[in-house]
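Below, each chain spelled out in residue letters.
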Amino acid sequence: AGDLGADWRQEAGQFRIDSRSRVVADQRSVAFVRVASGVDMSAEAQVAVDPTNPDSLAGVLVRSPSKVVYKAQLAAQAGGKVFAQLLKETGNATTVLWSGAVSDATGLLRLDVGEQVRLRFNGATLANVDGDYWSGGEAGIVGRSSRIESFVLIDRTGEIGRAHV
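All of these numbers come straight from a predicted model, not from anything done at the bench.

Caption draft 1: Local environment of the overall build of the protein. The secondary structure content of the protein amounts to zero helices and 15 strands. Within the span of the protein, comprising 165 residues, buried residues form 48% of the whole. In the protein, the share of contacts with a sequence separation of at least 24, taken over all contacts with a separation of at least 6, comes to 54%. Accessible area for the protein stands at about 7,700 Å²; split by element, carbon and sulfur atoms hold 45% of it.

Caption draft 2: Spatial organisation of the nonpolar core. Ranked by internal contacts, the top residues of the largest apolar core, which has 32 residues, are Val62, Leu74, Leu111 and Phe151. Counting residues per element, this core draws most heavily on strand E5 (residues 41-49), which supplies five residues.

Caption draft 3: The pairing of strand E9 (residues 93-102), seen in detail. The pairing of strand E8 (residues 81-90) with E9 spans nine bridges and is antiparallel. Bridging from a neighbouring strand, lysine 88 pairs with threonine 95 of E9. Taken together, E8 and the strand that follows it, E9, pair antiparallel across an intervening segment of two residues, in which glycine 91 is found at a positive phi of about 65°.

Caption draft 4: Quick look at the confidence of the model for the protein. Per-chain confidence: the protein averages 82 in pLDDT, with 76% of residues scoring 70 or above. Within the protein, strand E15 (residues 158-163) has the poorest average pLDDT of any element, 54, and E9 the best, 96.

Caption draft 5: Structural view of the pattern of salt bridges. Per the stated rule, a full pass over the model turns up six salt bridges. A salt bridge links arginine 110 to glutamate 44; the shortest N-O distance between them is 3.3 Å. Linking arginine 110 in strand E10 (residues 106-113) with glutamate 44 in strand E5, this pair joins segments that are 66 residues apart in sequence. According to the relative accessible area criterion, glutamate 44 is buried, its value standing at 15%. Linking aspartate 112 and arginine 120 is a salt bridge whose minimum nitrogen-to-oxygen distance equals 2.7 Å. According to the relative accessible area criterion, aspartate 112 is buried, its value standing at 5%. It is possible to trace a salt-bridge network through shared partners that takes in Glu44, Arg110, Asp112 and Arg120.

Caption draft 6: Structural view of the side chain of lysine 71. Here lysine 71 is to be found in strand E7 (residues 69-77). Here lysine 71 falls in the buried class, since its relative accessible area comes to 6%. Here the side chain of lysine 71 touches glutamate 89 through a polar contact of 2.9 Å, side chain to side chain. With residues up to four places along the chain from it excluded, the contact list for lysine 71 reads Arg28, Val60, Leu61, Gln85, Leu86, Leu87, Glu89, Leu111 and Val142.

Caption draft 7: Summary view of the environment of valine 96. Structurally, the position occupied by valine 96 is in strand E9. A relative accessible area of 54% places valine 96 in the exposed class. Not counting residues up to four positions away in its chain, the partners in contact with valine 96 are Leu86 and Leu87.

Caption draft 8: Summary view of the side chain of serine 42. The residue serine 42 is located in strand E5 in this model. Separated by 3.1 Å, the side chains of serine 42 and arginine 110 make a polar contact. A distance of 2.5 Å separates the side chain of serine 42 from the side chain of aspartate 112, its partner in a polar contact. Beyond its immediate stretch of four places on either side in the chain, serine 42 contacts Arg110, Leu111, Asp112, Val152, Leu153 and Ile154.

Caption draft 9: Looking closely at the pairing of strand E14 (residues 146-155). Counting buried positions over the 10 residues of E14 gives seven, a clear majority of the element. Where E5 lies against E14, nine bridges are found, and the strand directions are antiparallel. Bridge assignment links alanine 43 to a residue of E14, and that residue is leucine 153.

Analysis parameters
Residues numbered from 1 in each chain as written. Predicted model: local features only at pLDDT ≥ 70, side-chain atom pairs only at ≥ 80, totals over all residues. Heavy atoms only, no water. Helix = DSSP H or I, 4+ residues; strand = E, 2+ residues; numbered from the N terminus. Buried < 20%, exposed > 50% of the residue type's maximum accessible area, 1.4 Å probe, protein only. Contact = heavy atoms within 4.5 Å. Areas by Shrake-Rupley, 256 points an atom, 1.4 Å probe, with all protein chains shown as cover. Core = buried A, V, L, I, M, F, W, Y, C linked by side-chain atoms within 4.5 Å. Pairing = 2+ DSSP bridges. pLDDT = per-residue confidence, 0-100. Salt bridge = Lys/Arg side-chain N within 4 Å of Asp/Glu carboxyl O. Polar contact = N/O pair within 3.5 Å; in protein donor to acceptor, adjacent residues only side chain to side chain.

What follows is the structure, encoded as structure tokens:
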């Protein structure tokens, strides 16, 4: 067991690596891996939430230099339901851009950011909304009572960073 490593900057909580090399978040945790540049970018991760725990969530996020955050996440809710959500955070305000029930508590979650912001889960586009102009920023992961098994950062030209978490 250990922490995420030198490439990661933890901003809240504490992600840890379990004995099977999976990233686990017992409490709400946020970490960023790198500064990304370019007009369009994507962050994706293989995530798993616990549908029996309404506090469980896992996701990816990108933050612009002006501190606008777009977040794609899976979140468990009471009754064993799991929702995919697309959120926008500006200052202290959070706006739910899209939320819908999904049948899986594990899968590949992807956030595409550019002139359009897209939420994808297991290859399906769940939401596509107008975005702010994207000129770079940071990408990272967020989780609580969940696992994140991989993280990839992609720009228009292809993969630009992989953090095997």
